[in-house]
Amino acid sequence: MDLGGQGRRVVVIGGGVAGSLLAKSIQFHSDLTLIDEKEYFEIPWASLRAMVEPPFGERSVINHKDYLTNARVVASSAINITETEVLTAEGRLIGYDYLVIATGHTESVPKTRAERLNQYQAECEKINSARSILIVGGGPTGVELAGEIAVDFPDKLLTLVHNGSRLLEFIGLKAADKTLNWLTSKKVEVKLEQSVSLNDISDGGKVFQTSGGESLKADCHFVCTGRPLGSTWLKGTLLKSSLDNRGRLMVDENLRVKGRKNIFAIGDITDIPEIKQGYLAQKHALVAAKNLKLLMTGEEGRKLEIYRPSSIKAIVSLGRRDAVAQLPFTTVCGSVPGMIKSRDLFVGKTRKKLGLDPHTVLD
Ligand SMILES: Cc1cc2nc3c(=O)[nH]c(=O)nc-3n(C[C@H](O)[C@H](O)[C@H](O)COP(=O)(O)OP(=O)(O)OC[C@H]3O[C@@H](n4cnc5c(N)ncnc54)[C@H](O)[C@@H]3O)c2cc1C
């Protein structure tokens with residue numbers, strides 16, 4: 001295939017943190033199609049705030065069409081790819097010259113923004129009307145949800161059950177200990193090394209059995225056990241041998257899938273040896289965008305940009321004011337990291353990156 005500046009059809013699969021920014025960055029340089037399971041981009045780390053304050057979702061759930069004014073948006077799952085085309089679940093075949101895979105994680109959420117906002121309303125009502133609440137999972141989602149509920153609804157009896165020996169296993173032990181202390185100080189009961197059988201629980205259920213033989217009473221529950229990696233669909237495609245044993249796409253230093261000249265992968269789906277975070281997924285997007293522009297203008301003779309993995313940095317919010325930060329050589333818990341993340345949860349900043357007003361949502 002001759003790509004020397006001729007082919008400008010770019011297909012981006014996955015409109016999450018990485019795919020949305022990449023698509024926005026190249027929309028005026030390419031003939032662009034974004035394929036995403038849903039019609040909107042959602043800032044993942046803002047969703048827990050929207051569960052306790054539904055209007056917060058107005059700014060963090062953004063229709064793809066709001067920031068993509070010069071692209072086609074296909075709201076469907078990609079289910080197969082060939083050397084030249086992508087097949088969607090609805091049977092559409094979309095041709096490409098360059099392909100970008102950014103299918104980070106999948107989650108079963110509604111297809112439209114309006115439905116997603118209604119879902120937040122329903123979740124908030126569920127929290128509001130419960131006296132006791134069970135959260136299953138002590139990763140970032142479970143911990144951040146516990147923080148939001150503990151701060152906004154201090155009268156709820158809140159229990160968090162986690163099957164690991166400590167919370168937040170993706171960051172350091174000290175950060176986990178500080179988080180446990182913070183939750184305990186807010187009267188959240190944390191049960192480690194226990195699991196709750198997810199098969200036995202339903203929304204009507206009030207008594208939950210743990211693997212430790214305990215019965216927990218709760219009026220409602222939230223399962224926060226982590227979203228699966230969005231690469232299962234690739235196992236039946238020409239990229240099956242590009243997946244490592246954890247299901248991640250192996251990429252080169254220019255963020256192209258190893259051995260492929262015209263297929264990029266960015267975000268959580270890649271095997272880049274670094275912590276999986278949105279701000280890094282955004283960095284991948286900008287590097288890949290630059291490289292795509294070079295390739296599309298036939299300037300591949302000029303050196304493609306190299307992506308260098310970053311050292312560990314992550315902030316987990318604990319309600320509206322506090323947070324725990326994992327930095328390369330230390331951890332900090334309290335209002336200082338809270339000032340960085342917990343007030344606006346980087347929503348204004350993320351909207352700005354997409355060229356949108358950080359504060360106002362236009363209908
Ligand atoms: C609770 C929580 C808090 C976090 N806090 C932070 C934080 O403070 N800062 C930070 O930098 N990071 C944070 N992260 C991590 C961050 O959310 C991820 O690293 C980031 O979302 C990765 O971006 P991505 O584009 O690779 O994948 P995602 O954002 O997961 O996007 C993947 C997209 O692909 C779509 N998709 C999947 N499969 C298909 C398919 N077959 N066809 C079409 N579309 C598909 C999905 O619907 C989704 O839109 C947090 C994560 C969680 C869970």
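Residues numbered from 1 in each chain as written. Predicted model: local features only at pLDDT ≥ 70, side-chain atom pairs only at ≥ 80, totals over all residues.

Per an unreviewed UniProt entry, the recorded name for the chain is FAD/NAD(P)-binding domain containing protein, and the organism is Trema orientale. Annotation of the chain in UniProt includes, under Sequence similarities (unreviewed entry), the sentence "Belongs to the FAD-dependent oxidoreductase family." Taken verbatim from the UniProt record of the chain, the Function (unreviewed entry) comment is "Putative FAD-dependent oxidoreductase." (UniProt positions renumbered as here; feature names shortened; annotations may be inferred.)

1. Focus on the overall build of the chain
Along its length, the chain carries 10 helices and 19 strands. For the chain, the C-alpha radius of gyration of 21 Å lies close to 21 Å, the compact-globule estimate for 363 residues. Dimensions of the chain, computed from the C-alpha atoms along their principal axes, are close to 65 × 45 × 40 Å. Counting the 363 residues in the chain, one finds 45% classified as buried. Here the analysis covers contacts within the chain between residues at least 6 apart in sequence; of these, 62% occur between residues at least 24 apart. (Helix = DSSP H or I, 4+ residues; strand = E, 2+ residues; numbered from the N terminus. Rg over C-alpha atoms; globule rule 2.2 N^0.38 Å. Buried ≥ 20, exposed ≤ 12 C-beta atoms within 10 Å, placed from the backbone. Contact = placed C-beta atoms within 7 Å.)

2. Focus: the sheet that holds strand β1 (residues 9-13)
Across the sheet, 5 strands lie side by side as β5-β2-β1-β9-β16; this open sheet has parallel pairing. Two strands bound the open sheet, and with one partner strand each, they are β5 (72-75) and β16 (263-265). Taking the axes of each pair of neighbouring strands and ignoring which way they run, one obtains an average angle of 15° across the sheet. Inspection of the sheet shows strand β9 (residues 98-101) paired to β16 by 3 bridges, in the parallel sense. Bridging from a neighbouring strand, leucine 99 pairs with isoleucine 263 of β16. (Pairing = 2+ DSSP bridges. Axes fitted to C-alpha atoms, helices over the stretch in contact; angles between N-to-C directions.)

3. Brief notes about the site of the ligand
Around the ligand, the surrounding shell holds 35 residues, and the nearest of these are Gly14, Gly16, Gly104, Gly267 and Gly278. Partitioned by chemical class, the residues of the shell around the ligand number 14 nonpolar, 14 polar and 7 charged. (Near = placed C-beta within 6 Å. Nonpolar A, V, L, I, M, F, W, Y, C, P; charged D, E, K, R; others polar.)

4. Thoughts on the pairing of strand β2 (residues 31-36)
Counting buried positions along β2 gives 5 out of 6 residues, so the element sits mostly inside the fold. Viewed along the sheet, the connection from β1 through helix α1 (residues 17-26) into β2 turns out right-handed. The pairing of β2 with β5 spans 4 bridges and is parallel. When the bridges of β5 are listed, threonine 33 appears paired with arginine 72. (Right-handed = clockwise from strand over helix to strand, strands pointing away.)

5. Regarding the nonpolar core
Core analysis: the biggest nonpolar cluster contains 54 residues, and Leu22, Val100, Ile266 and Ala288 have the highest contact counts within it. Looking at this core, the element that brings in the most residues is helix α8 (residues 278-296), giving 9 residues. Setting aside residues no more than four positions away along its own chain, valine 100 makes contact with Val10, Val12, Ile13, Gly19, Leu22, Phe264, Ile266 and Ala288. (Core = buried A, V, L, I, M, F, W, Y, C linked by C-beta atoms within 7 Å.)

6. Describing the packing of α1 against α8
α8 packs onto α1 with a crossing angle of 35° between their chain directions and a minimal axis gap of 8 Å. Crossing of α1 over α8 shows right-handed handedness. Every residue of α8 that contacts α1 at Val17, Ala18, Leu21, Leu22, Ser25 and Ile26 is listed here: Gly278, Ala281, Gln282, His284, Ala285, Leu286, Ala288, Ala289, Leu292 and Lys293. Grouping the amino acids of the contact of α1 with α8 by side-chain chemistry returns 11 nonpolar, 4 polar and 1 charged. (Left-handed = near helix turned anticlockwise from the far one by under 90°.)

7. Things to note about the environment of glutamate 305
Structurally, glutamate 305 can be placed in the loop between α8 and β17 (314-318). Looking at glutamate 305, the number of C-beta atoms within 10 Å reads 16, which means it is partly exposed. In this structure, the C-alpha to C-alpha distance between glutamate 305 and leucine 292, residues 13 residues apart in sequence, is 10.0 Å. Sequence-distant contacts of glutamate 305, that is, excluding residues within four places in its chain, are made with Asn254, Val287, Lys290 and Asn291.

8. A closer look at the environment of glycine 142
As for its placement among the helices and strands, glycine 142 is situated in helix α6 (residues 140-152). By C-beta crowding, glycine 142 is classed as buried, having 24 other C-beta atoms within 10 Å. Separated by 82 residues in the primary sequence, glycine 142 and cysteine 224 place their C-alpha atoms 5.1 Å from one another. Apart from the residues lying within four places of it in its own chain, the contact partners of glycine 142 are Ile135, Gly137, Leu160, His162 and Cys224.

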